[in-house]
Amino acid sequence: MQDRLVTGHIFNIQKYSVHDGPGIRTILFFKGCPLHCRWCSNPESQSAQNELAFNSTRCLTHKACGTCADICPNQAISFSQQEGFPVIERKKCHASLCRERCSSVCHAGALKIFGKYITVEEALREVEKDAVFYQRSSGGLTVSGGEPCFQPEFLLALLSEAERRYLDTAMETCGQAPYEVLRGAAAHLNTLIFDIKHTDASLHKAYTGVENSLILENIKKLCAEFRDLPILLRTPVIPGFNDSEDAIRELCAFVAALPGKNISYELLAYHRLGTQKYQQLGRDYRMGDIKLDNVLMTRLKNFALVQLGERFVA
Ligand code: SF4
Ligand code: SF4
């Protein structure tokens, strides 16, 4: 099949981003991820299936509306006695199969399906609408997620076609993927952004659902094979998980030992953006009310700067 016709599963296209690679960028968010990080700010990315989200602040309630329950072929929606809001029985809801019936009749915008299918051609046509901004800022396309490597055929077709069209490309990855997929992607990339969350395998598993051995191995291999590729390693600093000098020292030691000419390292502060989406998807946000200590964050950044020198992005 021609690359242009390969289909992928995404949940968002975000324009005018300035945080996910150089310049002004359009981000294509892939659906599905092998990790389930407790702090994930895009919970709608994790499942490889479409998911229904409900926003109660927009709902007109059963008294004024009630349309969504009538149209659901699976009787997945009923109404709460007290407030009159829809109650979604998630086991009965098959959002991937039913073609957005309830969300399409909800004119208040209270129901939304996360997930849609798109071809490489359709995706790049959307991305190319902002070509003028990329030219002025040295920006381009960033693939993110979810995990882009979770859909290898779509990813590689997309990056290859983007390269053919002279688009600058970046990828954000969690690194939990077969090396051959990462390698295939890296060959088409201008920038690689790679999350590295902890060097301790059991803590990594407890907070993300998987151990870190494949991830760490993939980083080492990529840095050795693509020595000229700009690779930005990023650690989200998460309270109770890796917000300590010991954890950052281990991570800095790992980064310092990597081969490659264009490696940099950044610490990102934990934030609580996205917590409302958990509620809308009917899931628990497992970080509770915990907050990051800003003074500690500054201290950890200074600490990393001392450890890594110019490899650290302050
Ligand atoms: S269709 Fe929308 S506004 Fe109406 S009850 Fe359902 S969710 Fe609420
Ligand atoms: S997405 Fe489909 S199956 Fe799920 S509640 Fe809406 S109409 Fe029913």
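Just so it is clear, the model here is predicted, and its values are computed rather than measured.

1. Some remarks on the overall build of the protein chain
Thinking step 1. On a plain count of helices and strands, the protein chain comes out with twelve helices and twelve strands.
Thinking step 2. For the protein chain, the C-alpha radius of gyration of 21 Å lies close to 20 Å, the compact-globule estimate for 314 residues.
Thinking step 3. Classification of the 314 residues of the protein chain by burial places 51% in the buried group.
Thinking step 4. Here the analysis covers contacts within the protein chain between residues at least 6 apart in sequence; of these, 71% occur between residues at least 24 apart.
Thinking step 5. In the form shown here, the protein chain has an accessible surface area of approximately 15400 Å², with 49% of it arising from carbon and sulfur atoms.

2. Quick notes on the environment of Asp195
Thinking step 1. As for its placement among the helices and strands, Asp195 is situated in strand 10 (residues 191–195).
Thinking step 2. By relative accessible area, Asp195 is classed as buried at 19%.
Thinking step 3. The spatial distance from the C-alpha of Asp195 to the C-alpha of Thr173 is 6.3 Å, given a sequence separation of 22 residues.

3. Considering the site of ligand 2
Thinking step 1. Around ligand 2, the structure places 13 residues, and the nearest of them are Cys72, Asn74, Cys93, Cys98 and Cys102.
Thinking step 2. The cavity that encloses ligand 2 is the second largest cavity.
Thinking step 3. Of the residues assigned to the shell around ligand 2, the class counts are ten nonpolar, two polar and one charged.

4. Looking at helix 10 (residues 245–256)
Thinking step 1. Here helix 10 is twelve residues long and its end C-alpha atoms lie 16 Å apart, about the 16 Å a rise of 1.5 Å per residue gives.
Thinking step 2. Restricting attention to buried positions, one finds in helix 10 the residues Ala247, Ile248, Leu251, Cys252, Phe254 and Val255. Projected down its long axis, helix 10 carries its buried residues within an arc of 160°, all on one side.
Thinking step 3. On its buried side, helix 10 packs onto helix 9 (213–225), strand 11 (231–237), strand 12 (263–269) and helix 12 (294–308).

5. Some remarks on the packing of aromatic side chains
Thinking step 1. Within the structure shown, the criterion is met by eight aromatic pairs.
Thinking step 2. Ring pairs connect the aromatic residues Trp39, Tyr207 and Phe241, which therefore count as one cluster.
Thinking step 3. Taking NZ or CZ as reference, Arg38 lies 4.1 Å from the ring centre of Tyr207, over its face.

6. Observations regarding the side chain of Lys31
Thinking step 1. Take Lys31: it is sitting in the loop between strand 2 (25–30) and strand 3 (51–54).
Thinking step 2. A distance of 2.8 Å separates a polar atom in the side chain of Lys31 from the backbone oxygen of Glu44.
Thinking step 3. Reaching out from Lys31, the side chain makes a polar contact with the backbone oxygen of Ser47 at a distance of 2.9 Å.

7. Quick notes on the domain arrangement of the protein chain
Thinking step 1. Domain annotation of the protein chain identifies domain 1 (3–47 + 116–311) and domain 2 (51–114).
Thinking step 2. Computed over C-alpha atoms, the centres of domain 1 and domain 2 are 32 Å apart.
Thinking step 3. Taken together, the nine residues of domain 1 in the interface contact seven residues of domain 2.
Thinking step 4. At the boundary of domain 1 with domain 2, total buried surface from both sides reaches about 760 Å², with 52% on carbon and sulfur atoms.
Thinking step 5. Where domain 1 touches domain 2, the interface holds two salt bridges.
Thinking step 6. Two residues, Lys31 and Glu51, come together in a salt bridge whose shortest N-O distance is 3.6 Å.
Thinking step 7. Our count for the contact surface shared by domain 1 and domain 2 stands at four residue pairs in polar contact (both at pLDDT 80 or more).
Thinking step 8. Taken together, the residues that form the side of domain 1 that touches domain 2 break down as three nonpolar, three polar and three charged.

8. Here we look at empty space enclosed by the protein
Thinking step 1. Enumeration according to the criterion identifies two cavities of 30 Å³ or more in this entry.
Thinking step 2. When its volume is computed, the largest cavity comes out at roughly 100 Å³.
Thinking step 3. In terms of lining, the largest cavity is formed by 15 residues, of which the most central are Cys59, Leu60, Cys65, Cys68 and Cys106.
Thinking step 4. Among the residues making up the lining of the largest cavity, the classes are represented as twelve nonpolar, three polar and no charged.
Thinking step 5. For the second largest cavity, the calculated volume is near 80 Å³.
Thinking step 6. Leu52, Cys72, Pro73, Asn74, Ala76, Ile77, Cys93, His94, Cys98, Arg101 and Cys102 are the residues that line the second largest cavity.
Thinking step 7. Here the residues of the lining of the second largest cavity sort into eight nonpolar, two polar and one charged.

9. Brief notes about helix 6 (residues 152–164)
Thinking step 1. With 13 residues, helix 6 should reach 18 Å at 1.5 Å per residue; the first-to-last C-alpha distance of 18 Å fits that figure.
Thinking step 2. Two residues or fewer after helix 6 comes Tyr166, characterised by a positive phi angle close to 60°.

10. Here we look at the environment of His62
Thinking step 1. Along the polypeptide, His62 turns up in helix 1 (residues 61–64).
Thinking step 2. In this structure His62 comes out as partly exposed when scored by relative accessible area, which is 45%.
Thinking step 3. Spatially, the C-alpha atoms of His62 and Gly84 are 4.9 Å apart, while their sequence positions differ by 22 residues.

Conventions we followed
Residues numbered from 1 in each chain as written. Chains lettered and ligands numbered in written order. Predicted model: local features only at pLDDT ≥ 70, side-chain atom pairs only at ≥ 80, totals over all residues. Heavy atoms only, no water. Helix = DSSP H or I, 4+ residues; strand = E, 2+ residues; numbered from the N terminus. Rg over C-alpha atoms; globule rule 2.2 N^0.38 Å. Buried < 20%, exposed > 50% of the residue type's maximum accessible area, 1.4 Å probe, protein only. Contact = heavy atoms within 4.5 Å. Areas by Shrake-Rupley, 256 points an atom, 1.4 Å probe, with all protein chains shown as cover. Near = heavy atom within 4 Å. 1 Å grid on protein atoms, 1.4 Å probe; cavity = no way out; pocket = protein on both sides within 12 Å on 5 of 7 lines; lining within 4 Å. Sits in = over half its atoms within 2 Å of the grid points. Nonpolar A, V, L, I, M, F, W, Y, C, P; charged D, E, K, R; others polar. Expected span 1.5 Å × (residues − 1). Arc of directions from axis to C-beta. Phe/Tyr/Trp six-rings, centres within 6.5 Å; stacked < 30°, edge-to-face > 60°. Lys NZ or Arg CZ within 6 Å of the ring centre and 35° of its normal. Polar contact = N/O pair within 3.5 Å; in protein donor to acceptor, adjacent residues only side chain to side chain. Domains from an automatic or database assignment. Buried area = accessible area lost by both parts, 1.4 Å probe. Salt bridge = Lys/Arg side-chain N within 4 Å of Asp/Glu carboxyl O. Points joined across faces, edges and corners; volume = space filled by probe spheres on them.

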